[in-house]
Amino acid sequence: MTTTAPRRDAPAPDAPTPVAESPTRHAELLAWVQEIAELAEPAAVHWCDGSREEWDRLAEQLIAAGTLVRLDERAKPNSFYARTDPDDVARVEGRTFICSKSPDDAGPTNNWMHPDEMKSILTDRFRGAMHGRTMYVIPFCMGSPEAEKPMFGVEITDSAYVVMSMKIMTRMGSDILAAMTRDHDHDFVPCLHSVGAPLQPGDHDVPWPCNTEKYISHFPEDRMIWSYGSGYGGNSLLGKKCFALRIASAIARDEGWLAEHMLILKLTSPQGRVYHIAAAFPSACGKTNLALINPTVPGWRAETLGDDIAWMRFGDDGRLWAVNPEYGFFGVAPGTGWHTNPNAMQAMNRGNSLFTNVALTDHGDVWWEGATETPPAHLTDWKGRSWTPETGPSTGSGPTLPVPDGDKIEPAAHPNSRFCTPIKQTPILAPEYDSPTGVPIDAILFGGRRRDTMPLVTQSRDWTHGVFFGATLSSETTAAATGKVGVVRRDPMAMLPFIGYHVGDYLAHWLRLGERHEQDKLPKIFYVNWFRRGEDGGFLWPGFGENSRVLKWIAERIDHTAAAEKTPIGYTPTADSLDVAGLAVTEDDLTAACRVDPEEWRAEIPLIEEWFGKIGPKLPAGLSTELEALKQKLSG
Ligand code: GTP
Ligand code: SPV
Ligand code: MN
């Protein structure tokens, strides 16, 4: 439903207002929509119903605006391709703020600003920010609307691309709006977004409007989000990182549960025993791939529940139950191919998908590095330039000079280019994916991208030691956020950019949950690293489907049927407890992948100490004790 917004200067007494024509009676929601319409002064207000007709209309509109290209129906039915502004390609951690009243509630790892100051700055930015654009109102729910306490949000945005993405990534539209007033008016998280590019009469729009000034702001005490200036990914699809992680982690702290950056996987052994595994790896470190794994170990079956976010609550049975609050994948395209991740490829070939900043083939399909082994002879790259495998991009029409040997060809797809696909299209979707209560978790995996030090797999001694694994998680930075790539940083529980409060309080929350529940019902905690490299610089472990061998060892550790070696850092597989039958890896590489190297670990200690120092006085004592114990073991 679209209505013309009231103009503050010339209100026609009988002009339709968003409130009068709105499809809900939710008083608080109506008041908020009215307030934002008056502030941002859009040309029109549209309440999203989530229908196919709405999707088609927005797609046509975005095609006309040059934002989207329709892909060939035979390759990717009902799917579209978008190229962003080259300066709007990833999350902007430097412009992400936690606006708690006290800076001590945001902590040393977040940017902080007082909520009053941020609201004042952003009220100025939002004033008239939607001139010439439609203001979309998206009612959505993270997780099932049938949950005991459904987690509603409403995103207001001036980007139709965001509406289409939210349609894939969340449960949204008329049914959700109706559920918001079922029995009573339910609370919701107001999520305000603008690309920050108002149009004045006569202005010519660009295909990807955005602003060089960006603010991704969270108000944990108000449970509210204001995002300005970016149209991409986690900056603008506010149900995802902003709500389901930053705001939800603050709610979870208050209510005694966990909102985590984790995939959820169901694993079934040849004997039919089911295991549920949650795994936290930093951005672009393998969650989507593990969530969609095709096991190479005979007889083992994997099914997907979620690939990025897990909400976990303790059940009456004392076990930790996980749901995926999302409804789609926003997956890293490069590296995703028929050899590495056939299930993702099949899911996107079913269509109904958006592809952003990948390359376009001459036949109206998409391509990225790793999609196929040999690139097509000609592509249009993510910046819209003609591209060939021999020369990379060329801007002019004249012949391009051959690239000298050894020089790297500029990739055709941006390293953080993404596919956005409904989870229902997964060929290995677990039937419990939509369950309001989720699945009981047997194991939690922490892991990162480390070329050295971290062995293939290590089991913690207990919950506290496992929390130490998570607290000291380290990884090389990736293209998922702006900034330098390949720098090792500490990324606690893969949540560094997503904890909506003080990291010290967050780690204490994790420890406390362990203390308050029965140890033998808690998930077992492991640390994995698929990314260790050999002397030649190549990966020591083949990864992807072969990671099922590690999952099998983990399952057998849960059942106390696999052997392990006790090392200073935890339990690692013995020479013959990891199933490597038929694996094309040399004995030396395997040993190197699994090795606990005391030298490397002694070099790691000062890095952990520096990180714990940064956390400051809120560092839980239990973690300092773990560190001291580790130092003792390494010196012994
Ligand atoms: P976000 O969506 O940013 O949170 O990322 P993610 O954690 O879901 O990472 P994803 O599975 O998309 O993987 C990121 C990159 O790592 C891709 O290029 C993958 O091809 C690559 N990758 C994933 N798993 C493995 C693995 O087991 N081994 C190796 N070598 N690369 C992997
Ligand atoms: C991540 O960066 O962890 C993502 C992509 O999953 S985004 O949605 O942009 O946060
Ligand atoms: Mn992620």
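About the cut-offs
- Residues numbered from 1 in each chain as written.
- Chains lettered and ligands numbered in written order.
- Predicted model: local features only at pLDDT ≥ 70, side-chain atom pairs only at ≥ 80, totals over all residues.
- Heavy atoms only, no water.
- UniProt positions renumbered as here; feature names shortened; annotations may be inferred.
- Helix = DSSP H or I, 4+ residues; strand = E, 2+ residues; numbered from the N terminus.
- Buried < 20%, exposed > 50% of the residue type's maximum accessible area, 1.4 Å probe, protein only.
- Contact = heavy atoms within 4.5 Å.
- Areas by Shrake-Rupley, 256 points an atom, 1.4 Å probe, with all protein chains shown as cover.
- Lys, Arg positive; Asp, Glu negative; His and termini not counted.
- Charge placed at Lys NZ, Arg CZ, Asp CG, Glu CD.
- Near = heavy atom within 4 Å.
- Polar contact = N/O pair within 3.5 Å; in protein donor to acceptor, adjacent residues only side chain to side chain.
- Nonpolar A, V, L, I, M, F, W, Y, C, P; charged D, E, K, R; others polar.
- Pairing = 2+ DSSP bridges.
- Expected span 1.5 Å × (residues − 1).
- Arc of directions from axis to C-beta.
- 1 Å grid on protein atoms, 1.4 Å probe; cavity = no way out; pocket = protein on both sides within 12 Å on 5 of 7 lines; lining within 4 Å.
- Sits in = over half its atoms within 2 Å of the grid points.
- Donors = N, O, S within 2.8 Å, 3.2 Å for Na, K, Ca; no water.
- Tetrahedral: all angles 85-135°; square planar, octahedral: opposite > 155°, others 65-115°.
- Salt bridge = Lys/Arg side-chain N within 4 Å of Asp/Glu carboxyl O.

As annotated in an unreviewed UniProt entry, the protein chain is Phosphoenolpyruvate carboxykinase [GTP] from Microlunatus elymi. The annotation that UniProt attaches to the protein chain under Subcellular location (unreviewed entry) is "Cytoplasm". Taken directly from UniProt, the Subunit (unreviewed entry) text for the protein chain runs: "Monomer."

A. Examining the overall build of the protein chain more closely. A tally of regular secondary structure across the protein chain gives 15 helices and 34 strands. Of all 636 residues assigned to the protein chain, the portion counted as buried reaches 59%. Long-range pairs, those at least 24 residues apart, make up 72% of the contacts in the protein chain between residues at least 6 apart in sequence. Put simply, the protein chain shows about 24,900 Å² of open surface, and 51% of that area lies on carbon and sulfur atoms. Mean positive and mean negative side-chain charge positions of the protein chain (61 and 84 charges, respectively) differ by 2 Å.

B. The site of ligand 2, seen in detail. Arg91, Gly233, Gly234, Lys240, Lys241, His261, Ser283, Asp308, Phe330, Arg418, Ala480 and Phe498 make up every residue found near ligand 2. Between ligand 2 and the protein, one listed contact pairs an oxygen atom with a side-chain N or O atom of Arg91 at 2.8 Å. A distance of 3.4 Å separates an oxygen atom of ligand 2 from a polar atom in the side chain of Asp308. Burial of ligand 2 by the surrounding chains reaches 98%, relative to a free accessible area of 290 Å². Here the residues of the shell around ligand 2 sort into three nonpolar, four polar and five charged.

C. Spatial organisation of the environment of Ala43. Looking at the element boundaries, Ala43 is found in the loop between helix H1 (27-40) and strand S2 (44-47). Separated by 92 residues in sequence, Ala43 and Met135 have C-alpha atoms that sit 7.6 Å apart.

D. Summary view of the pairing of strand S8 (residues 151-157). The buried fraction of S8 amounts to seven of the seven residues, a majority that puts the element mostly inside the structure. The alternating pattern of S8 places Met151, Gly153, Glu155 and Thr157 on one face and Phe152, Val154 and Ile156 on the opposite face, and all of these are buried. Alignment of strand S7 (residues 134-142) against S8, held across seven bridges, turns out to be antiparallel. Across the sheet, Ile138 pairs through a bridge with Glu155, a residue of S8.

E. A look at helix H15 (residues 621-635). The end-to-end C-alpha distance of H15 is 21 Å, a good match for the 21 Å that 15 residues give at a rise of 1.5 Å each. Turning to H15, its buried residues number three or more, namely Leu623, Glu626, Leu627, Leu630 and Leu634. Buried positions in H15, seen along its axis, are confined to an arc of 100 degrees and lie on one side of it. Along H15, exposed side chains directed more than 90 degrees from the buried face belong to Ala621, Thr625, Gln632 and Ser635.

F. Seen up close, the side chain of Asp381. Assignment of secondary structure puts Asp381 in the loop between strand S23 (379-380) and strand S24 (386-388). For Asp381, a relative accessible area of 0% corresponds to the buried category. A polar side-chain atom of Asp381 sits 2.9 Å from the main-chain amide nitrogen of Lys383. The contact partners of Asp381, leaving out residues within four places of it in the chain, are Tyr81, Arg83, Val358, Ala359, Trp387, Pro393 and Ala412.

G. Just the sheet that holds S24, in detail. Across the sheet, which stays open at both edges, the five strands sit in the order S22-S21-S23-S24-S25 with antiparallel pairing between neighbours. At either margin of the open sheet sits one strand with a lone partner, and together these are strand S22 (366-367) and strand S25 (392-394). In this sheet, S23 lies alongside strand S21 (residues 359-361) in antiparallel orientation, the contact comprising two bridges. Residue pairing in the sheet places Leu360 in a bridge with Thr380 of S23.

H. Inspection of the site of ligand 1 at higher detail. The full set close to ligand 1 counts 22 residues, and Ala284, Lys287, Asn289, Pro334 and Arg418 are the nearest of them. At 3.1 Å, a side-chain N or O of Asp308 approaches an oxygen atom of ligand 1. Relative to its unbound accessible area of 660 Å², ligand 1 is 92% covered by the protein chains. A majority-of-atoms criterion places ligand 1 in the largest pocket. Taken together, the elements giving at least two residues each to the shell around ligand 1 come down to helix H8 (287-291) and strand S19 (328-332). Per element, the largest residue contribution to the shell around ligand 1 is three residues, and it comes from H8.

I. Geometry of the coordination of the manganese ion (ligand 3). Taken together, Lys241 (NZ), His261 (NE2) and Asp308 (OD) make up the protein donors of the manganese ion (ligand 3), found 2.1 to 2.5 Å from the metal. The coordination sphere of the manganese ion (ligand 3) comprises six donor atoms, whose angles at the metal cover 64 to 174 degrees; the geometry is irregular. Spacing between the donor residues of the manganese ion (ligand 3) along their common chain follows K-x19-H-x46-D. Of this pair, Lys241 sits in helix H7 (residues 239-255) while His261 sits in the loop between strand S13 (258-260) and strand S14 (263-268), placing them 20 residues apart in sequence. Accessibility classification places Lys241 together with His261 in one group, the buried group.

J. Here's a closer look at the pattern of salt bridges. A full pass over the atoms with the stated rule returns 43 salt bridges. Between Glu604 and Arg490 there is a salt bridge, and its shortest N-O distance comes to 2.8 Å. Here Glu604, found in helix H14 (residues 598-615), pairs with Arg490, found in strand S31 (residues 488-490); they are 114 residues apart in sequence, far enough to count as distant. The pair Glu604 / Arg490 is uniform in exposure class, with both members buried. Of the charged contacts in the structure, one is a salt bridge between Asp505 and Lys618, with a shortest N-O distance of 2.8 Å. With Asp505 in helix H11 (residues 503-516) and Lys618 in the loop between H14 and H15, the pair connects residues that are 113 residues apart, well separated along the chain. A cluster of three or more residues bridged by salt bridges with shared partners is formed by Lys240, Lys241, Lys287, Asp308 and Glu326.

K. Seen up close, the pairing of strand S18 (residues 320-323). Bridging between strand S17 (residues 310-314) and S18 involves four bridges; their strand directions are antiparallel. Directly across from Phe314, in S18, lies its bridge partner Leu320. Connecting S17 to the next strand, S18, in antiparallel fashion are five residues, including Gly318 with a positive phi near 80 degrees. In this structure, S18 lies alongside strand S27 (residues 439-440), joined through two bridges in antiparallel fashion. Looking at the pairing, Trp321 lines up with Pro440 of S27.

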